Amino acid sequence: MKKLIFAFMTMLLVPLAHAASEFEEGVEYTVVSEVPSGKPEVTEFFSYVCPHCYSFEPLMDKLGERLPDADINKVPVGFLGRDMGPVLQRAYGAAVLLKVEEKITPVMFDRIHRQKKMPASLDDVKDVFVANGVDAKDFDGVINSFALNGMIAKYDKLTEKFNVRGTPTVIVRGKYQLNMGEIGSEDRFYRVVEYLLSAD
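Here's what I pulled together on the structure shown here. Bear in mind that the values here come from a model prediction, so they are computed numbers and not experimental data. The residue numbers shown here count from 1 along each chain, following its written sequence. Where totals are concerned, whole chains, interfaces and linings use all residues; where local detail is concerned, this predicted model gives features only for residues with pLDDT of at least 70, and gives and counts side-chain atom pairs only at 80 or more. As a convention, hydrogens and water are excluded, and side-chain values are obtained from all of the structure's heavy atoms.

## Topic: the packing of aromatic side chains
Argument step 1. The aromatic pairing rule takes the rings of Phe, Tyr and Trp, using the six-membered ring of Trp, and pairs them if the centres are within 6.5 Å, calling planes under 30 degrees apart stacked, those over 60 edge-to-face and the rest tilted. The tally for this structure, following the rule as stated, stands at 14 aromatic pairs.
Argument step 2. Relative to Tyr48, the ring of Phe46 lies with its centre 5.4 Å away and its plane at 80 degrees, an arrangement referred to as edge-to-face.
Argument step 3. Here Phe46 falls in the buried class, since its relative accessible area comes to 1%.
Argument step 4. Measuring from ring centre to ring centre gives 5.9 Å for Tyr54 and Phe109, while their planes differ by 40 degrees; the resulting arrangement is tilted. Of the two residues, Tyr54 is situated in helix 2 (residues 51-66) and Phe109 in helix 4 (residues 101-114); the sequence distance between them amounts to 55 residues.
Argument step 5. Overall, Tyr54 belongs to the partly exposed group, its relative accessible area being 29%.
Argument step 6. By relative accessible area, which is 2% here, Phe109 ends up buried.
Argument step 7. Members of the aromatic cluster, joined through ring pairs, are Phe46, Tyr48, Tyr54, Tyr92, Phe109 and Tyr155. When accessible area is computed with a 1.4 Å probe and restricted to protein chains, residues below 20% of their type maximum are described as buried, those above 50% as exposed, and intermediate ones as partly exposed. Every helix listed is a DSSP run of H or I at least four residues long, and every strand listed is a run of E at least two residues long, numbered separately from the N terminus.

Laid out in structure tokens, this is it:
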């Protein structure tokens with residue numbers, strides 16, 4: 001009887017062992033910090049000029065819908081886009097301060113990647129904001145402000161902290177970096193993130 005009970009318990013544990021090892025360090029994700037953040041958060045390092053980020057945007061939107069209790073954050077990098085890289089990084093920060101990020105980000109992505117109209121100057125960026133309902137004076141008031149300069153410093157510090165060299169880069173709980181090339185599908189992306197949010 002004891003043998004039967006043991007065999008039964010072993011059968012029950014096999015699926016659990018499989019589930020625990022479904023995603024592996026060094027395959028779907030890499031540990032980039034020993035100490036995780038104390039809250040459920042997912043951070044995407046991105047650039048408006050990155051075509052992969054443009055394609056990735058719907059997945060991040062759906063992730064936010066799937067995980068309403070998680071903090072979904074974006075960090076714009078300044079090292080892509082040559083001279084316009086820091087300008088577009090600043091544009092994202094300005095959109096956040098002006099509370100128009102949800103409107104400006106899709107427009108900026110569409111303009112650059114679908115319409116092939118890459119902004120060539122800060123004035124071009126300002127035109128995009130104004131065309132989408134932002135008062136020109138409000139834009140001028142934040143684009144070189146102390147608050148925005150502080151945000152840019154934070155963006156750069158996080159980019160350096162996680163040694164981000166390409167986009168999109170996704171960090172979960174400040175500890176795990178997703179290996180996007182190994183994940184393979186949209187469904188697995190969501191499952192890996194959910195797994196890491198509950199990992200030790």
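## What about the environment of Leu196?
Argument step 1. Positionally, Leu196 belongs in helix 9 (residues 186-197).
Argument step 2. Leu196 sits 25 residues away from Ile171 along the chain, and the two C-alpha atoms are 9.8 Å apart.

## Considerations on the pattern of salt bridges
Note that side chains of opposite charge can pair when their charged atoms are close.
Argument step 1. A side-chain nitrogen of Lys or Arg and a carboxyl oxygen of Asp or Glu constitute a salt bridge if their distance falls within 4 Å. Under the defined criterion, the tally for this structure stands at ten salt bridges.
Argument step 2. Close ionic contact of Lys74 with Glu57 constitutes a salt bridge, the shortest N to O distance being 2.8 Å. One end of the pair, Lys74, is in strand 3 (residues 71-76); the other, Glu57, is in helix 2, and 17 residues separate them in sequence. Each member of the pair, Lys74 together with Glu57, is buried.
Argument step 3. Residue Lys126 is joined to Asp140 by a salt bridge in which the shortest nitrogen-to-oxygen separation is 3.0 Å. Taken together, the residues Lys126 in helix 5 (residues 122-131) and Asp140 in helix 6 (residues 136-143) connect sequence positions 14 residues apart.
Argument step 4. Put simply, Glu22, Asp187 and Arg191 are held in one network by salt bridges that share partners.

## Looking at the pairing of strand 2 (residues 41-46)
Argument step 1. Burial analysis of strand 2 places six of its six residues in the buried class, which makes it a mostly covered element.
Argument step 2. Residues of strand 2 alternate between two faces, with Glu41, Thr43 and Phe45 on one and Val42, Glu44 and Phe46 on the opposite face, all of them buried.
Argument step 3. Of the strand pairs in this sheet, strand 2 and strand 3 are connected by six bridges, and their pairing is parallel. When the sheet's bridge partners are listed, Phe46 is paired in strand 3 with Pro76.
Argument step 4. Following the chain from strand 2 across helix 2 to the adjacent parallel strand 3, one finds a crossover that is right-handed. In this description, strands pair whenever DSSP reports at least two bridges between them. Whether a crossover is right-handed comes down to one check: with the strands pointing away from the viewer, does the path from the first strand over the helix to the second run clockwise; if it does, it is right-handed.

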